[in-house]
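A structural walkthrough
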Amino acid sequence: MTQDEFVNIFNSNFDKVRNYIYYRCGDVNLATDVAQDTFVKLWEKRSKFNDDNLSGLLIKISRDIFISAYRKKAREADFNFRFKTENEIQSPLELLQYDELKAHYNKVLKIMPEKQRVVF
């Protein structure tokens, strides 16, 4: 496949691939990114395919890239949820230490001169 042939394939199929992914996810930016990644992958593997079923190949590549992106986002969301809930749980000792620190902070803040207190 020459560069000119690739440009023709890109121009004639980019909107089709992007619309397919947009239909699946509803996110224009993600659909555009996946469509671009699809054509990058097609260019990288241009010597390994024939032009018989190019449309089907583009859809399959884009679907695989979309599924990978979806799984990655799901893992990130799961990690963020677990990280937040594990860090939000505080023991009674931690709560007591926080209250003591806060009381000490307020006490020191009261004895500071006005200008230092404003700055601090």
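Please refer to the structure higher up on the page.
Described in the following lines is the structure provided in the data block.

Rules behind the numbers
- Residues numbered from 1 in each chain as written.
- Predicted model: local features only at pLDDT ≥ 70, side-chain atom pairs only at ≥ 80, totals over all residues.
- Heavy atoms only, no water.
- Helix = DSSP H or I, 4+ residues; strand = E, 2+ residues; numbered from the N terminus.
- Buried < 20%, exposed > 50% of the residue type's maximum accessible area, 1.4 Å probe, protein only.
- Phe/Tyr/Trp six-rings, centres within 6.5 Å; stacked < 30°, edge-to-face > 60°.
- Lys NZ or Arg CZ within 6 Å of the ring centre and 35° of its normal.
- Salt bridge = Lys/Arg side-chain N within 4 Å of Asp/Glu carboxyl O.

Regarding its fold elements, the chain presents 5 helices and 0 strands. Moving toward the C terminus, one meets the helices and strands of the chain in the order α-α-α-α-α. The principal-axis extents of the C-alpha atoms in the chain amount to approximately 80 × 35 × 25 Å. By residue count, 19% of the 120 residues in the chain fall in the buried class.

Let's shift gears to the packing of aromatic side chains. Enumeration according to the criterion identifies 6 aromatic pairs in this entry. Ring centres of phenylalanine 10 and phenylalanine 14 lie 4.9 Å apart, and the angle between their planes is 35 degrees; this geometry places the pair in the tilted category. With phenylalanine 10 and phenylalanine 14 both in helix α1 (residues 3-25), this residue pair falls 4 residues apart, about one helical turn. A relative accessible area of 11% places phenylalanine 14 in the buried class. Note on phenylalanine 66 and tyrosine 70: the rings are 6.4 Å apart at their centroids and 35 degrees apart in plane angle, and the pair reads as tilted. Taken together, the residues phenylalanine 66 and tyrosine 70, both in helix α3 (residues 54-88) and 4 residues apart, mark about one turn of the helix. Judged by its relative accessible area of 8%, phenylalanine 66 is buried. Among the aromatic residues, those joined into a cluster by ring pairs are Phe6, Phe10, Phe14, Phe39 and Trp43. If you follow arginine 46 out to its NZ or CZ, it ends over the ring of tryptophan 43, 3.9 Å from the centre.

As a further point, take the environment of tyrosine 70. A residue is classified by how much of its surface remains accessible, and tyrosine 70, at 56% relative accessible area, is exposed. Between the C-alpha atom of tyrosine 70 and that of leucine 30, which follows or precedes it by 40 residues, the distance is 9.9 Å.

Before going further, it helps to spend a moment on the pattern of salt bridges. Oppositely charged side chains can pair when the atoms bearing their charge come close. Per the stated rule, a full pass over the model turns up 2 salt bridges. The partner of aspartate 15 in a salt bridge is arginine 18, with the nearest N and O atoms 2.8 Å apart. With aspartate 15 and arginine 18 both in helix α1 and 3 residues apart, this pair spans about one turn of that helix. When the shortest N-O distance is used, the salt bridge between aspartate 64 and lysine 60 registers 2.9 Å. A residue pair is termed a helical-turn pair when its members lie 3 or 4 positions apart in one helix, as aspartate 64 and lysine 60 do in helix α3 at 4 residues.

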